[in-house]
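Structural overview for review
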Amino acid sequence: MLMRKPGVALLLLAASPLCAQSRWFQPSLLEKPEVRKALQSVDGRAADIIEEWIRLVEIPAPSGKEQTRAKYIRAEMEKLGLSEIRTDDISNVSGVRKGTGGGPTVVFAAHMDTVFPEGTGLNVKREGDILRAPGVGDDTSNLMATLEMFRALNRGGVKTKGDLIFLASVQEELGLLGAKHWLETSGYKPDMFVAIDVSSTEVWYGALRIDQFKFFYTSPGAHTMESRGAPSPAKAVAKAINALYEIPLPPVAEGLDTFKLPVLNVGMLGGGTVVNAVPREAWFTVDLRSLDSATQDSLESAVVSTARRIAEQEGVGFRMEKKMGIDYSKALPQKERLNHQLVQTALATSNYFRKTGTPEIVARDVGSTDANIAVSMAIPAVAIGATIERMPHRLEENADAGSIVPGIKSLIALAVALTSH
Ligand SMILES: [Zn+2]
């Protein structure tokens with residue numbers, strides 16, 4: 001019931017204007033017999049793919065506890081006959097589909113972890129074409145699509161010049177930690193990096209500036225009976241959070257649909273051990289995000305100085321941890337990133353296979369995916385998606401089941417285009 005009617009592909013072809021700027025993708029590429037066979041092989045498998053997608057969603061994979069999914073993906077990589085299959089010390093799984101030689105090495109990365117803690121109900125509910133479950137979109141849909149893309153290349157007998165690396169990463173939601181670890185320690189020096197981690201209606205070529213802080217306030221503590229006038233870390237936390245939300249933010253950046261940037265958010269707070277004493281320690285976290293380094297730097301100094309000032313005012317001890325902060329000083333300039341053939345080709349293939357009647361996809365200078373790490377290392381990078389999905393990181397998360405077939409085809413087209421020239 002989720003199969004696309006014959007003829008839809010032709011309609012798509014007619015309805016999708018090609019981005020003239022991609023030299024690596026032309027529709028004729030899809031007419032090569034092996035590529036055509038790979039593409040066609042996906043159609044007959046739609047029902048099985050959706051079933052496997054649902055099974056994958058139902059394997060719990062909170063960040064840091066991806067081992068069961070990692071085993072599953074590793075076993076599938078072995079069936080695919082990939083070379084150099086590895087599970088690293090934090091459970092990133094990677095394998096290489098060897099090219100014939102002389103082409104670029106391209107990573108296709110999807111993350112295995114989800115933001116949902118252990119014990120979250122993961123049963124997928126199916127309502128018509130909509131699949132509902134925590135993690136059904138981010139990033140299980142794309143993990144499934146990437147796996148199937150590699151299978152389809154094999155079924156078609158597609159040979160590429162360059163190597164294609166399948167990376168199933170971990171701890172993406174903790175701050176892109178898995179991809180960072182893999183890019184820094186695996187020994188691979190990829191020429192391009194594709195993160196499959198957004199909706200298929202988006203193409204991102206930037207890297208959002210993200211910094212996360214944990215601020216601690218401390219005191220010697222005191223029984224409630226002795227607490228009158230004593231310095232209180234709890235009170236300092238309350239005052240600091242209040243003061244942080246008073247920091248004036250620059251106007252919301254234009255061109256973003258649901259994201260309102262720049263932004264700061266206090267996501268966690270805690271402290272104290274008993275009800276009848278001044279806590280010895282209380283703390284809170286700040287997640288700070290902007291589109292550019294200048295804005296981020298000025299907000300960061302405002303946040304840190306505000307947190308410190310409140311500690312002084314309240315007479316409590318102060319310390320902070322910076323949880324994450326990627327150094328983007330090596331990132332390529334915006335124009336160079338946008339005009340890179342990787343981004344232009346991703347735009348062309350995503351538009352070619354986009355759902356009829358949906359608006360043309362434009363590339364946006366944002367990103368909060370594994371591709372950010374590549375951007376920071378000056379590796380040409382892009383984030384794309386293989387399904388239409390909504391409400392990531394919420395229990396109401398959902399995705400369109402039928403969108404995965406054209407999504408996989410668009411991944412096939414991209415993989416072939418990037419590694420065949
Ligand atoms: Zn994600």
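Residues numbered from 1 in each chain as written. Predicted model: local features only at pLDDT ≥ 70, side-chain atom pairs only at ≥ 80, totals over all residues. Heavy atoms only, no water.

Right, let's talk about the coordination of the zinc ion for a bit. At this site the zinc ion is bound by His111 (NE2), Asp138 (OD), Asp197 (OD) and Asp197 (OD), with donor distances of 1.9 to 2.7 Å. One can describe the donor arrangement at the zinc ion as irregular, given that its four donor atoms subtend angles of 52 to 149° at the metal. Each donor residue of the zinc ion belongs to the same chain, and together they define the spacing H-x26-D-x58-D. Of this pair, His111 sits in strand β3 (residues 106-111) while Asp197 sits in the loop between β7 (192-196) and β8 (203-204); the two residues are 86 residues apart in sequence, bridging distant segments of the chain. (Donors = N, O, S within 2.8 Å, 3.2 Å for Na, K, Ca; no water. Tetrahedral: all angles 85-135°; square planar, octahedral: opposite > 155°, others 65-115°. Helix = DSSP H or I, 4+ residues; strand = E, 2+ residues; numbered from the N terminus.)

Glycine aside, residues mostly have negative phi angles, and peptide bonds mostly take the trans form. For the peptide bond that leads from Asp138 to Asp139, omega is 0°, which places it in the cis range. The topology assignment puts Asp139 in the loop between β5 (130-132) and α5 (140-156). Omega for the peptide link from Leu261 to Pro262 comes to -5°, which places this bond in the cis form. By the secondary structure assignment, Pro262 is in the loop between α7 (233-244) and β11 (263-265). In this structure, Glu84 takes a positive phi of about 50° despite not being glycine.

Turning our attention to the side chain of Ser410. Among the secondary structure elements, Ser410 is positioned in helix α12 (residues 404-419). Apart from the residues lying within four places of it in its own chain, the contact partners of Ser410 are Thr349, Ser350 and Phe353. (Contact = heavy atoms within 4.5 Å.)

A word on the packing of α7 against helix α8 (residues 293-314). Contact geometry of α7 with α8 gives a least axis separation of 9 Å together with a crossing angle of 145°. Both α7 and α8 take part in a crossing whose hand is right-handed. Mapping the contact onto sequence places Lys235, Ala236, Lys239, Ala240, Ala243 and Leu244 in α7 and Val303, Thr306, Ile310 and Glu314 in α8. Considering only residue class, the contact of α7 with α8 consists of six nonpolar, one polar and three charged. (Axes fitted to C-alpha atoms, helices over the stretch in contact; angles between N-to-C directions. Left-handed = near helix turned anticlockwise from the far one by under 90°. Nonpolar A, V, L, I, M, F, W, Y, C, P; charged D, E, K, R; others polar.)

On to the packing of helix α2 (residues 33-43) against α5. Where α2 contacts α5, the axes come no closer than 7 Å and their chain directions differ by 130°. The angle between α2 and α5 places the two elements in the oblique class. Taken as a pair, α2 and α5 cross one another with a handedness that is right-handed. Packed against α2, whose contacting residues are Glu34, Lys37, Ala38, Ser41 and Val42, the element α5 presents Ala152, Leu153, Arg155 and Gly156 at the interface. (Parallel < 35°, antiparallel > 145°, perpendicular 65-115°, else oblique.)

Along the chain, Arg319 falls in strand β15 (residues 317-325). Residue classification places Arg319 among the partly exposed positions, given a relative accessible area of 38%. Sequence separation between Arg319 and Pro220 is 99 residues, and the spatial gap between their C-alpha atoms is 15 Å. Every residue in contact with Arg319, bar those within four places of it in the chain, is listed here: Lys214, Phe215, Phe216, Thr218 and Glu281. Among the polar contacts made by the side chain of Arg319, one reaches the side chain of Glu281 at a distance of 3.1 Å. (Buried < 20%, exposed > 50% of the residue type's maximum accessible area, 1.4 Å probe, protein only. Polar contact = N/O pair within 3.5 Å; in protein donor to acceptor, adjacent residues only side chain to side chain.)

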